Amino acid sequence: MHVVFVTSIVPDGKPATGYEIANKAIIDGLKRAGVKVTVIGFVWPGSTPLDPENTILLGEVDVRNDTASFSRKLRWLGKAVLTGLTVSSVKLRIITRAKFRAALASAEPFDAYILNGVALAGAFEDCFTGKPQIFIAHNVEHRSARENAEAATSPIQKYLFDRESRLLAGLEKRLCDSAAFVFTLADEDIAALQLDTTDRAAALPLVTEADPAKMSSRTIEHDLGLIGTWTWQPNRIGLEWFLREVAPHLDNDIGITVAGSIPADLKAAWPKVNFAGRVPDATDFVRSCAVIPLISRAGTGVQLKTIETFELGLPSVATALSIRGIADIPDNCVVADDPIVFAKAVSQMVRKVRSGEDMIRSGKVFRQAQQARFDRQLKLGLGRIEAVK
């Protein structure tokens, strides 16, 4: 079987976001199943595709809000209003529909489309005809946008997120209705997309490329380590909750280090927090931390940072939302949603690590179980394509 994997950002071998980590895991899984995969999409400026021989490159694009100028954001918004598209899809409308169709045609012959997320599929929604489709819903995007609207403090932001939520709800329904099969990254999202009464959906348990062997020689440099793209609103909601609600209840001598892209106003609001910025190696950073707080409070899908933490066997304290879609929770992870209980669990765990107690667990069994279930679930969708192609 030959599929065209339609994705906004193609793998470049340097995944910097959960979306990119998930993309590579899914493509690797397809290849393990014996599927020929041609990837079509854009690449970050200055990057090159990981597998150029099997990639159709549409050009370079930077869709990040935190690096965009005010004028670019206004152009995105204006174009979105004129076209009736979501802002996330408009950012990818930098080529014509004719050029996109020609790029798809250059991959012939192939058997099916795999529409990886809503952004590029929504930008050229009418171009995926004549062949069966699999839709991969990384998140329930309309629900995340609605949560963002509820958390917004600016009336303009609230309006924009409300608009995005309304348009995404329609787009996700059309993509699900058109698909021969839908994959989510968490079981809970199947019901949220109203697919729980069908036999056309399954959840894919992901794995990352975290190397558990590195844990044997780790040096602890930070008490608590958090890493992520904090300019993404669902992540920011979790970080603000942790800093506002949890941090005041921690032992006074516990330090907090936050790595990754961070909005300037958050840095100013919490001057005692060590904001480390982008780090050379995310895995090296997390393994240098005594305890990992997993702090998701909004959004859908699966939390890749949780999966990486469990694969490395690191001790953690997690909110219930942080472990969604994960069946086997290791015994060195405490689940708590109450901020005081969360803080108490973190403080106790840090004290144990400082006293020399070995809190590391083997992540090998967890990883093997995740990948085995991934492969079983993937076959369900591929079997449906075989039946209808």
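Residues numbered from 1 in each chain as written. Predicted model: local features only at pLDDT ≥ 70, side-chain atom pairs only at ≥ 80, totals over all residues. Heavy atoms only, no water.

**Section: the overall build of the protein**
Stage number 1. The helix and strand inventory of the protein stands at 14 helices and 13 strands.
Stage number 2. Taken over the C-alpha trace, the protein has a radius of gyration of 21 Å; the compact-globule value for 389 residues is 21 Å, and the two agree within 12%.
Stage number 3. Here the protein, with 389 residues, has 54% of them falling under the buried criterion.
Stage number 4. When contacts within the protein are restricted to residue pairs at least 6 apart in sequence, those whose partners lie at least 24 apart make up 67%.
Stage number 5. Put simply, the protein shows about 17100 Å² of open surface, and 52% of that area lies on carbon and sulfur atoms.
Stage number 6. Positive and negative side-chain charges in the protein, numbering 47 and 45 respectively, have mean positions lying 4 Å apart. (Helix = DSSP H or I, 4+ residues; strand = E, 2+ residues; numbered from the N terminus. Rg over C-alpha atoms; globule rule 2.2 N^0.38 Å. Buried < 20%, exposed > 50% of the residue type's maximum accessible area, 1.4 Å probe, protein only. Contact = heavy atoms within 4.5 Å. Areas by Shrake-Rupley, 256 points an atom, 1.4 Å probe, with all protein chains shown as cover. Lys, Arg positive; Asp, Glu negative; His and termini not counted. Charge placed at Lys NZ, Arg CZ, Asp CG, Glu CD.)

**Concerning the pattern of salt bridges**
Stage number 1. Summed over all chains, the structure comprises 22 salt bridges.
Stage number 2. The partner of Arg101 in a salt bridge is Asp126, and the shortest N-O contact between them spans 3.9 Å. Here Asp126 lies in the loop between helix H5 (119-123) and strand S5 (133-137) and Arg101 lies in helix H4 (residues 97-105), a separation of 25 residues in the sequence.
Stage number 3. Its relative accessible area of 37% is what places Arg101 among the partly exposed residues. (Salt bridge = Lys/Arg side-chain N within 4 Å of Asp/Glu carboxyl O.)

**Regarding the confidence of the model for the protein**
Stage number 1. Chain-level statistics for the protein give a pLDDT mean of 89 and a share of 97% at 70 or above.
Stage number 2. When mean pLDDT is taken per element in the protein, strand S4 (residues 112-116) scores highest with 97 and helix H10 (residues 264-269) scores lowest with 84. (pLDDT = per-residue confidence, 0-100.)

**Brief notes about the environment of Pro45**
Stage number 1. Mapped onto the elements, Pro45 comes out in the loop between strand S2 (36-43) and strand S3 (55-60).
Stage number 2. Other than its neighbours up to four places away in sequence, Pro45 contacts Glu60, Val61 and Asp62.

**Topic: the packing of helix H12 (residues 304-312) against helix H14 (residues 364-388)**
Stage number 1. Where H12 meets H14, the closest approach of the two axes is 7 Å, and the angle between their N-to-C directions is 130°. It follows that H12 is oblique to H14 by the angle criterion. On H14, the residues touching Ile307, Phe310 and Glu311 of H12 are Phe366, Arg367 and Gln370.
Stage number 2. Its residues placed into classes, the contact of H12 with H14 shows three nonpolar, one polar and two charged. (Axes fitted to C-alpha atoms, helices over the stretch in contact; angles between N-to-C directions. Parallel < 35°, antiparallel > 145°, perpendicular 65-115°, else oblique. Nonpolar A, V, L, I, M, F, W, Y, C, P; charged D, E, K, R; others polar.)

**A closer look at the packing of aromatic side chains**
Stage number 1. Applying the stated criterion to the full structure yields eight aromatic pairs.
Stage number 2. Consider the rings of Phe110 and Tyr113, whose centres lie 5.2 Å apart with planes at 70°: the pair is edge-to-face.
Stage number 3. Three or more aromatic residues joined by ring pairs make a cluster, and in this case those are Phe100, Phe110, Tyr113, Phe124 and Phe128.
Stage number 4. The residue whose ring lies beneath Arg93 is Phe124, and the NZ or CZ to ring-centre distance is 5.6 Å.
Stage number 5. Geometry around Trp241 places Arg297 over its ring, the cationic atom sitting 4.4 Å from the centre. (Phe/Tyr/Trp six-rings, centres within 6.5 Å; stacked < 30°, edge-to-face > 60°. Lys NZ or Arg CZ within 6 Å of the ring centre and 35° of its normal.)

**Let's talk about the state of the cysteines**
Between two cysteines, a covalent bond joining their sulfur atoms is known as a disulfide.
Stage number 1. Under the counting rule described, the total for this entry stands at zero disulfides.
Stage number 2. No disulfide involves Cys127; its sulfur sits 19 Å from the nearest other cysteine sulfur, which is in Cys176.
Stage number 3. Looking at the unpaired Cys289, the closest cysteine sulfur is the one in Cys333, lying at 16 Å. (Disulfide = S-S within 2.5 Å.)

**Points about the sheet that holds S4**
Stage number 1. Taking strand neighbours across the sheet as the criterion, the seven strands line up as S3-S2-S1-S4-S5-S6-S7 in an open arrangement whose pairing is parallel. Both outer strands of the open sheet, S3 and strand S7 (201-203), are each paired with one neighbouring strand and no more. Between one strand axis and the next, the sheet turns by 15° as a mean value, whatever way the strands run.
Stage number 2. Two strands pair when backbone bridges link them, and strand S6 (residues 181-184) and S7 are joined in this way by three bridges, in the parallel orientation. Its bridge partner lying in S7, Phe183 is registered against Ala202.
Stage number 3. Where H14 meets the sheet, its contacts fall on S4, S5, S6 and S7, and the angle it forms with S6 comes to roughly 160°. (Pairing = 2+ DSSP bridges.)

**Observations regarding the sheet that holds strand S8 (residues 222-227)**
Stage number 1. Strand order across the open sheet formed by six strands is S10-S9-S8-S11-S12-S13, with parallel pairing between neighbours. Sheet topology places strand S10 (274-277) and strand S13 (333-335) at the edges, where each strand pairs with a single neighbour. Averaged over neighbouring strand pairs, the angle between their axes works out to 25° when direction is ignored.
Stage number 2. Where S8 lies against strand S11 (residues 289-294), two bridges are found, and the strand directions are parallel. Its bridge partner lying in S11, His222 is registered against Cys289.
Stage number 3. Across the sheet, helix H13 (residues 339-354) is in contact with S8, S11, strand S12 (316-318) and S13; its angle to S12 comes to roughly 175°.

**Describing the side chain of Glu172**
Stage number 1. By the element assignment, Glu172 lies in helix H7 (residues 155-178).
Stage number 2. Here Glu172 is buried and forms no salt bridge, its nearest opposite-charge partner Arg146 lying at an N-O distance of 8.4 Å.
Stage number 3. Separated by 2.6 Å, the side chains of Glu172 and His142 make a polar contact.
Stage number 4. Setting aside residues no more than four positions away along its own chain, Glu172 makes contact with Val118, Asn139, Val140, Glu141, His142 and Leu193. (Polar contact = N/O pair within 3.5 Å; in protein donor to acceptor, adjacent residues only side chain to side chain.)

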